[in-house]
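Chain and residue survey
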Amino acid sequence: MANEHSPLLVHGVYSMMGDAEVSRGGSAETGEGSPESNPRKLNTFFGVMVPTILSMFSIVLFLRTGFVVGHAGLLHGLLMLFVAYFIISLTILSICAISTNGAVEGGGAYFMISRSLGPEFGGSIGLMFYLAKVCACGVYVLGLVEAILDVFGKDPGSAVSQGLHVLPQGYWYTVLYSSLVLLLCLVVCLVGAHIYAKASFIILLVVTMSLISIVISPLILSPQRFNITHTYGNNHTVTVNPSYTGFNGHKTVNLYNYCTGMNIVQMSPSVAQYSLDYSTNTMMSFATVFAVMFTSCTGIMAGANMSGELKNPSESIPKGTIIAVSYTFTVYLLLFLLLSSTCDRLLLINDYAVFQRVNVWPPFVTIGVYCASLSAAMCSMIGASRILHALALDQLFGLPLAPAAVTSSSGNPWVSVLYTWGLVQCTLFAGQLNVIAGIVTVFYLLAYAAVDLACLALEWASAPNFRPTFQFFSWHTCLLGIISCVVMMFVINPVYSSASIALLLLLLLFLHYRSPTSSWGYISQALIFHQVRKYLLMLDSRKDHVKFWRPQVLLMVANPRSSCQLICFVNQLKKGGLFVLGHVQIGDLDVFPADPVQPQYNFWLSLVDKLGVKAFVDLTLSPSVRQGTQHLLRITGLGGMKPNTLVLGFYDNCYPEDYFLQDPVFCEGDRGEGDNFGVDLPSLQAHFPPVRHAESPRGLQPEEYVSIIYDAIKMGKNVCLGRYFFQLPPESKGVTYIKGNDNVDTIDVWPTNLLSPGSASYADVCSLFLLQMACVLNMANRWRRARLRIFVCVATESGDQGWLTNEEQFRELLGMLRIRATIKIVAWDNVACMFRGPNSEGQKVSEDFLCAMNALLREHSSTAAVRFLYLPHPPSNSELSQQYLTQLDMLTRDLGPTLLIHGVTPVTCTEL
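Residues numbered from 1 in each chain as written. Predicted model: local features only at pLDDT ≥ 70, side-chain atom pairs only at ≥ 80, totals over all residues. Heavy atoms only, no water.

As for the overall build of the chain
Basically, it comes down to this: Numbering of helices and strands starts at the N terminus; helices are DSSP runs of H or I of at least 4 residues and strands are runs of E of at least 2. Each residue is placed in one exposure class: buried if its accessible area under a 1.4 Å probe, protein chains only, is under 20% of its type's maximum, exposed if it is over 50%, and partly exposed if it falls in between. When checking whether two residues touch, look at their non-hydrogen atoms; a contact exists if any pair is within 4.5 Å.
Counting its regular elements, the chain contains 30 helices and 14 strands. Residue burial in the chain is summarised as follows: out of 912 residues, 55% are buried. At a minimum sequence separation of 6, the contacts of the chain that also span at least 24 residues come to 81%.

Thoughts on the pattern of salt bridges
Here is the rule: The salt bridge definition used is simple: a Lys or Arg side-chain nitrogen within 4 Å of an Asp or Glu carboxyl oxygen.
For the coordinates displayed, the defined rule picks out eight salt bridges. Of the charged contacts in the structure, one is a salt bridge between Asp748 and Arg789, with a shortest N-O distance of 2.8 Å. Of this pair, Asp748 sits in strand E10 (residues 746-750) while Arg789 is found in strand E11 (residues 787-794), placing the two residues 41 residues apart along the sequence. One exposure class covers both Asp748 and Arg789, and it is buried. The salt bridge involving Asp889 is made with Arg893; its shortest N-O contact spans 2.5 Å.

Looking at unusual backbone geometry
A positive phi angle is found at Tyr724, which is not glycine, with a value near 65°. Here Tyr724 shows up in the loop between strand E9 (718-723) and E10. Judged by relative accessible area, which is 11%, Tyr724 ranks as buried. Here Asp894, not a glycine, exhibits a phi torsion of approximately 60°, which is positive. With respect to the element layout, Asp894 can be found in the loop between helix H30 (881-892) and strand E14 (898-902). Under the relative-accessibility criterion, Asp894 is labelled exposed at 57%.

Description of the sheet that holds E9
To be explicit about the condition: Here, a strand pair is defined by DSSP locating no fewer than two bridges between the strands. The angle between two axes is taken between their N-to-C directions and runs from 0 to 180 degrees, where each axis is a line fitted to C-alpha atoms and a helix contributes only its stretch in contact.
With mixed pairing, ten strands are arranged side by side in an open sheet as E7-E6-E5-E8-E9-E14-E13-E10-E11-E12. The open sheet terminates on both sides in strands that have one partner only, identified here as strand E7 (616-622) and strand E12 (822-827). With direction set aside, neighbouring strand axes in the sheet form an average angle of 25°. Across five bridges, strand E8 (residues 645-649) lies against E9 in parallel orientation. In the strand pairing of E9, Leu648 is matched with Leu721. In the packing of helix H25 (residues 702-714) onto the sheet, the strands contacted are E8, E9 and E14, and the crossing angle to E8 comes to about 170°.

Considering the nonpolar core
Heads up, the rule is: Grouping buried Ala, Val, Leu, Ile, Met, Phe, Trp, Tyr and Cys residues that are joined through side-chain atoms within 4.5 Å yields what is termed a nonpolar core.
One finds Leu61, Tyr85, Ile88, Val207, Ile300 and Phe336 to be the most contacted residues of the largest nonpolar core, which totals 150 residues. With 20 residues, helix H17 (residues 433-461) is the largest single contributor of residues to this core. Apart from residues lying up to four places away in sequence, Ile88 is in contact with Met56, Phe294, Cys297, Ile300, Val325 and Tyr448.

Side note on the packing of helix H10 (residues 286-294) against helix H18 (residues 475-492)
Filter applied, for reference: We call two directions roughly parallel when the angle between them is under 35 degrees, roughly antiparallel when it is over 145, roughly perpendicular when it lies between 65 and 115, and oblique otherwise. Classification used: nonpolar for Ala, Val, Leu, Ile, Met, Phe, Trp, Tyr, Cys and Pro, charged for Asp, Glu, Lys and Arg, polar for all others including Gly.
Between H10 and H18, the shortest axis-to-axis distance is 8 Å and the interhelical angle comes to 120°. The orientation of H10 relative to H18 falls into the category oblique. Between H10 and H18, the residues in contact are Ala287, Phe290 and Ala291 and Met488, Val491 and Ile492, respectively. For the contact of H10 with H18, a count of residues per class yields six nonpolar, no polar and no charged.

Focus on the state of the cysteines
What makes a disulfide is a covalent bond joining the sulfur atoms belonging to two cysteines. We apply this condition: Note on disulfides: each one is a pair of cysteine sulfur atoms within 2.5 Å.
A complete count under the given rule lists zero disulfides for this structure. Looking at the unpaired Cys185, the closest cysteine sulfur is the one in Cys137, lying at 6.0 Å. A disulfide-free cysteine, Cys720 has its sulfur positioned 9.3 Å from the sulfur of Cys766, the nearest such atom.

Some points on the packing of aromatic side chains
Operational definition: We call Phe, Tyr and Trp rings a pair once their centres come within 6.5 Å, taking the six-membered ring for Trp, and we label the pair stacked below 30 degrees between planes, edge-to-face above 60, and tilted otherwise.
A full pass over the atoms with the stated rule returns 29 aromatic pairs. Ring centres of Phe286 and Phe290 lie 6.3 Å apart, and the angle between their planes is 5°; on these two criteria the pair is classed as stacked. Linking Phe286 with Phe290, this pair stays in helix H10, spanning four residues, or about one helical turn. The class of Phe286 is partly exposed, set by a relative accessible area of 24%. Residue Phe290 is classed as buried on the basis of its relative accessible area of 1%. Measuring from ring centre to ring centre gives 4.5 Å for Phe569 and Phe725, while their planes differ by 40°; the resulting arrangement is tilted. On the criterion of sequence distance, the pair formed by Phe569 in helix H21 (residues 564-573) and Phe725 in the loop between E9 and E10 is long-range, its members being 156 residues apart.

By themselves, these are just geometric observations and shouldn't be taken as functional.
Take a look at the structure:
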């Protein structure tokens, strides 16, 4: 991926039509090249106003203004004009805000959107904007051919050439002429594209001269009539006799039926009267005419794209863009009024080149049309190729666009130019400008909506670094701009709009699947942070209710090489709650030159990614594991999202297995390409030390381990100890925990304190917590098909039938708790008799009792997938720690995956 410290484009051309380039010498941001190679010497006029004005005039000014007024009438035409400029005005506010928040480099709209919204949205919108540029290039080429044929084309009704009318006309001839013009554009773009930046001011002067001639012509020319013939099909020709009336006041004053005489109303262009378009032979409507007219509003990003060449971009972009758009709006408004005042409807709808026909010297307009359309076509090709080149350099779409990153020795991206030429050639088969105008408009509206969305997201995220110098915008204008663009898309063409949005979503899914990582920053992260902070403040722990309790787990991990199965299991146990991996590094910050913990986060987060668990990571530096665990229990989480359950691995004398050697994700043969955060597979393996072997001393003493359990319970945290979870198969191997065999797809729960038979209770807080955790596991996807079994230990030989009553009460309790489970009655008379007296703290339980209890568990739960056992309260006296652990070890020896649980918080509720 390209990053922020490398130039997005190594070369390009700032075209007069508004498509950005980067100078040959390198990016100013990187410091490559000399200052002379990339001078910031353009002022507001040459750098912003000239390219923006030329972009917005293009072909529509000369060849489609009469078409719009003729079909829509003055009233609807003005409505279209105001709607179009209202939409782009809202987008301009967003463009000015984003462009004045940092330099916009090559790629134009793509650069702004991708660097604001991230690679997924930026790449998809960038490709859509590229397609819009491709179609716009086709529009300009077809418009130029149309202008050429209007002067040099044969009369459709005559087979003999007359004067300059020597070029044959027809669909395939149009395609041929368009291909030749496009070939000329290709040659120039490959050889001398840099000349257009220098020629832009000269072209603007030519266009201005043409406009002046159009404005003064009605003051000189007298009324006249014309004879216009159109051919429909092979043999059908239609001849009309429109007139040029000159200034006629009642045409503009009487916008509706105030005009007297039916013929005047029909001929006047003051009111809307949509009819057949003579070039496409299709009925026009408000939407189709607006689509054609809106192509004149697709150059508003020209100034923003040139920020790298401006002396003062923060001042020039807003000022120059607004002045240029105001100027073009004034010109279009003047021409609308001029045409409606001087020409009848038949003339406007039957002759696209009406300005040439009614000009004091027609070559003025002809030269203006040729200059505007040819320069627009070439610069659209240049701009599209630069966008494609930017996409290729960012490597968002992989191999299909990889060749487009190739440049010539002079830095010209000639391969992306060839790509663009090929796609534009495909659009030329449409044959008519009006046919693809709707596609161009829809694509541009989608791009403008994306720019508004980028600005809206930055504003809503309240990022401190979003400080644009242009202040005349708000989230209201951004939101209104998005709504306006989307609404007009569907008004123009619902089919094209739906297809473009569907294509956008497919591109989004594709890029999301590829998961490109960049250093651009992700606006989604800023928005998520902003919203999460607000919701965390709303999550008031004082309003917690037992009905909505869920596990929020802190799992302490010494070395993930031996704990990955337990990590994956706890991920299934959290039920949408908080899951934090905690790790304590022994040490004192005073002896380190820098914090040794911070660099480790990337490795732990990469581990979380590879395991596919939804967990946070919290690391700390502490003189002891006990103190570090206390710190994590106190400070992990935020607000109402704090751990309520501590999970530890079991403390025994067995030597752990290396999970990294079992799972193919961590094997040497599957190295992959890393995660672009500086962590590849070899680095990940090297970071975590090998598992403990026979000669390795234990890092934790029994007293400290038991003290951690005691501290957690004292702090009001539930405690779980996991043993033998290394026997669970790795999830990445595709083996589920549940084998599908009736003998093993069970979750066994022993809700009795097995080390204290005399105090057996099934309704205390710890027992109910045990049942809740088993029920939570049973809800997880991987354990959904497992059967829950609850073992009730009773003394059946005593002669007392009270256990039957207790069993019935227990069944009623399970029914009220909505726990679906099978109750198994276990007679433990032979085992309980080995226990002597209440098990007060400090009393040593006999080994015979422990062995017998272990045998009882293995007899009834040997085939279970996982077992939930009651964890007795740890002793407060540290001298009894080893005895406590020995009892737990003998109780659970050779059982298989087992979770010993001590619950201290009420978690079950019988209320609705």
